[in-house]
Amino acid sequence: RQVGVTAHAPVAELACTAPREVLEARLLRRADAPDRHSDADLAIGRRLAAQAAPWPEAVVVPTGETTKAATLDAALRHLDR
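Reading guide: rules and limits
Residues numbered from 1 in each chain as written. Predicted model: local features only at pLDDT ≥ 70, side-chain atom pairs only at ≥ 80, totals over all residues. Heavy atoms only, no water. Patch = residues over 30% accessible without salt bridge, like charges linked within 9 Å, V, L, I, M, F, W, Y side chains within 5 Å. Areas by Shrake-Rupley, 256 points an atom, 1.4 Å probe, with all protein chains shown as cover. Salt bridge = Lys/Arg side-chain N within 4 Å of Asp/Glu carboxyl O. Helix = DSSP H or I, 4+ residues; strand = E, 2+ residues; numbered from the N terminus. Contact = heavy atoms within 4.5 Å. 1 Å grid on protein atoms, 1.4 Å probe; cavity = no way out; pocket = protein on both sides within 12 Å on 5 of 7 lines; lining within 4 Å. Points joined across faces, edges and corners; volume = space filled by probe spheres on them. Nonpolar A, V, L, I, M, F, W, Y, C, P; charged D, E, K, R; others polar. Expected span 1.5 Å × (residues − 1). Buried < 20%, exposed > 50% of the residue type's maximum accessible area, 1.4 Å probe, protein only.

Before we go on, may I ask you to explain a nonpolar patch on the surface in this structure?
A contiguous nonpolar patch, built from L72, L76 and L79 and spanning about 270 Å² of accessible area, is present on the exposed surface. Structurally, L72 can be placed in helix α4 (residues 68-79).

Right, here's the structure in full:
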């Protein structure tokens, strides 16, 4: 947010969310992926979720029950405002 203010650029805050069971399933699948790009495992995911602070400025973009295209469309609709 501060970088946007400093650069006199608009800032879009998007909070990507999914139900807990979807997130945990993703973390479990990621752990088995040989080319994974994250060290986050189920324990880390649970700790992060427990520590998440409210983010009232963000537009919520659901990522759990939709296709990647639908998620992208939801984010882009916000960016077009």
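Further notes follow.
Explain the environment of L27 to me, please; I cannot follow it from the model alone.
Here L27 is to be found in helix α2 (residues 20-31). Expressed as a C-alpha distance, the spacing of L27 and L42, which sit 15 residues apart in the sequence, is 5.7 Å. Excluding its chain neighbours within four sequence positions, the residues that come into contact with L27 are A40, D41, L42 and G45.

What should I look at first to understand the layout of surface pockets in this one?
Once rolled over the atoms, a probe with the size of a water molecule shows which space is left empty. One number sums up the size of the largest pocket: a volume of about 290 Å³. As for the largest pocket, its lining consists of R20, L23, E24, R26, L27, R30, A40, G45, R46, L48 and A49. Within the residue set of the lining of the largest pocket, elements represented by two or more residues are α2 and α3 (42-51). Examining the composition of the lining of the largest pocket, we find that six residues originate from one element, α2, more than from any other. Its residues assigned to classes, the lining of the largest pocket comprises five nonpolar, one polar and five charged.

What should I look at first to understand α2 in this one?
Three- or four-residue spacings in an α-helix give side chains the same orientation, since the helix completes a turn every 3.6 residues. An ideal rise of 1.5 Å per residue puts 16 Å on twelve residues; α2 measures up with 17 Å between its terminal C-alpha atoms. As for α2, its buried residues are in contact with α3.

I tried to follow the side chain of T63 on my own but got confused; where do I start?
Within the secondary structure, T63 sits in the loop between β2 (59-62) and α4. We classify T63 as buried; its relative accessible area is 14%. Once residues lying within four places of it in the same chain are set aside, the contact partners of T63 are C16, T17, A18, R26 and T71.

I'm lost on the side chain of E24 in this one. Help?
Of note, E24 is situated in helix α2. Apart from the residues lying within four places of it in its own chain, the contact partners of E24 are L42 and R46.

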